[in-house]
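Chains, contacts and geometry: an overview
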Amino acid sequence: MNVRKVLWTLDELGLAHEREDWGAGFASTRDPAFLALNPNGLVPVLIDAAGPLWESNTICRYLAGRQGDASLLPLEPRARAGVEQWMDWQVTELNSAWRYAFQALSRRAPGYDDPGLTQDSVAAWNAAMSLLDARLALTAAFVAGETFTLADICLGLATHRWLRTPMARPTLPAVETYYARLRTRPAFASHALDAVA
Ligand SMILES: N[C@@H](CCC(=O)N[C@@H](CS)C(=O)NCC(=O)O)C(=O)O
């Protein structure tokens, strides 16, 4: 999901790039050559003339800023904060909620086999998505308001994961309409719809 955020942002900005795959299924991110780029041993990493940059949301903000694209990330401080608020919410509150349930139910990762913890994580995930639903019911368009921004790249991919994970979900009409709206964007189709979650 974090790599896809960056690919989707590059696509929205019309930026050509070369992609090198590291991590699950490819060369290990614990390789010293990779750790020299990101000491956390995590993808994505962006490399441009200024050197390597890690943390997916930071990379997306940087790319929009570097291109001077004020539609994906407004320049006016309050409008910008409205986009960043939801991006930060995604990496902090929403990610913390789904982490255990996603590993247990979608990845079937070893060590994630506690039914109580799985149930708690599903409940927290559904509660967070209900909060997003209330926000989308208010804007009747995108997360930060009337127009598509970086916040929708982060939350569009998060919504895709929520819908694809095998678990009980409440019906959230505004989230469903939002997901259908995002699906009409070609860059979303290229970078999200083929992903399992
Ligand atoms: N906070 C980081 C998290 C990055 C992250 O968790 N990346 C995962 C893939 S989505 C990873 O590199 N896992 C180790 C691996 O694939 O080897 C970000 O948003 O960039």
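Residues numbered from 1 in each chain as written. Predicted model: local features only at pLDDT ≥ 70, side-chain atom pairs only at ≥ 80, totals over all residues.

In this section: the overall build of the protein. Check the secondary structure of the protein and you find eight helices and two strands. Element order for the protein, N to C, with α for helix and β for strand: α-α-β-β-α-α-α-α-α-α. Overall, the C-alpha framework of the protein stretches about 45 × 40 × 30 Å when taken along its three principal axes. For the protein, with 197 residues in total, the buried portion stands at 35%. In the protein, of all internal contacts separated by at least 6 residues, the share reaching a separation of at least 24 is 63%. (Helix = DSSP H or I, 4+ residues; strand = E, 2+ residues; numbered from the N terminus. Buried ≥ 20, exposed ≤ 12 C-beta atoms within 10 Å, placed from the backbone. Contact = placed C-beta atoms within 7 Å.)

Turning our eyes to something else, we now look at the site of the ligand. Around the ligand, the neighbouring residues are M1, N2, G23, A24, T29, L42, V43, P44, E55 and S56. Of the residues belonging to the shell around the ligand, the class tally is five nonpolar, four polar and one charged. (Near = placed C-beta within 6 Å. Nonpolar A, V, L, I, M, F, W, Y, C, P; charged D, E, K, R; others polar.)

Orientation of helix α1 (residues 2–12) relative to helix α6 (residues 150–164), taken along the N-to-C sense of each, is 140°, at an axis distance of 10 Å. Classed by the angle they form, the pair α1 and α6 counts as oblique. Helix-helix and strand crossings are classified by hand; for α1 and α6 the assignment is right-handed. Seen from α1, the contacting residues are R4, K5, W8 and T9; seen from α6, they are L150, I153, C154 and L157. Its residues placed into classes, the contact of α1 with α6 shows five nonpolar, one polar and two charged. (Axes fitted to C-alpha atoms, helices over the stretch in contact; angles between N-to-C directions. Parallel < 35°, antiparallel > 145°, perpendicular 65-115°, else oblique. Left-handed = near helix turned anticlockwise from the far one by under 90°.)

Topologically, D88 is positioned in helix α4 (residues 77–107). Residues D88 and N57, spaced 31 residues apart in sequence, show a C-alpha to C-alpha distance of 8.2 Å.

Turning our eyes to something else, we now look at the domain arrangement of the protein. Put simply, an interface is often sized by how much accessible area is lost when its parts join up. Per the domain assignment, the segments making up the protein are domain 1 (2–67) and domain 2 (77–191). A C-alpha centroid distance of 22 Å is found between domain 1 and domain 2. Contacts between domain 1 and domain 2 engage 11 residues on the former and 10 residues on the latter. Put simply, the parts of the chain that give the side of domain 1 that touches domain 2 at least two residues each are α1 and α3 (56–67). (Domains from an automatic or database assignment.)

Between its first and last C-alpha atoms helix α5 (residues 115–139) spans 36 Å; for 25 residues at 1.5 Å apiece the expected length is 36 Å, and the two agree. The complete set of buried residues in α5 reads S121, V122, W125, N126, A128, M129, L132, D133 and L136. Packed against the buried residues of α5 are α4, α6 and α7 (173–182). Positive backbone phi, at 55°, marks A140, one or two positions downstream of α5. (Expected span 1.5 Å × (residues − 1).)

Another aspect to go through is the pairing of strand β1 (residues 45–48). By the bridge criterion, four bridges tie β1 to strand β2 (residues 51–54) in an arrangement that is antiparallel. Residue pairing in the sheet places L46 in a bridge with L53 of β2. (Pairing = 2+ DSSP bridges.)

On to the nonpolar core, then. By size, the foremost hydrophobic cluster in this structure holds 49 residues, and its most contacted members are W86, W125, L150, A151 and C154. Looking at this core, the elements with two or more residues in it are α1, β1, α3, α4, α5, α6 and α7. Of all the elements, α4 adds the most residues to this core, at 11 residues. Split by domain, this core shows at least three residues from each of two domains, domain 1 (2–67) and domain 2 (77–191). Apart from the residues within four sequence positions on either side, C154 is in contact with K5, N57, M87 and Q90. (Core = buried A, V, L, I, M, F, W, Y, C linked by C-beta atoms within 7 Å.)

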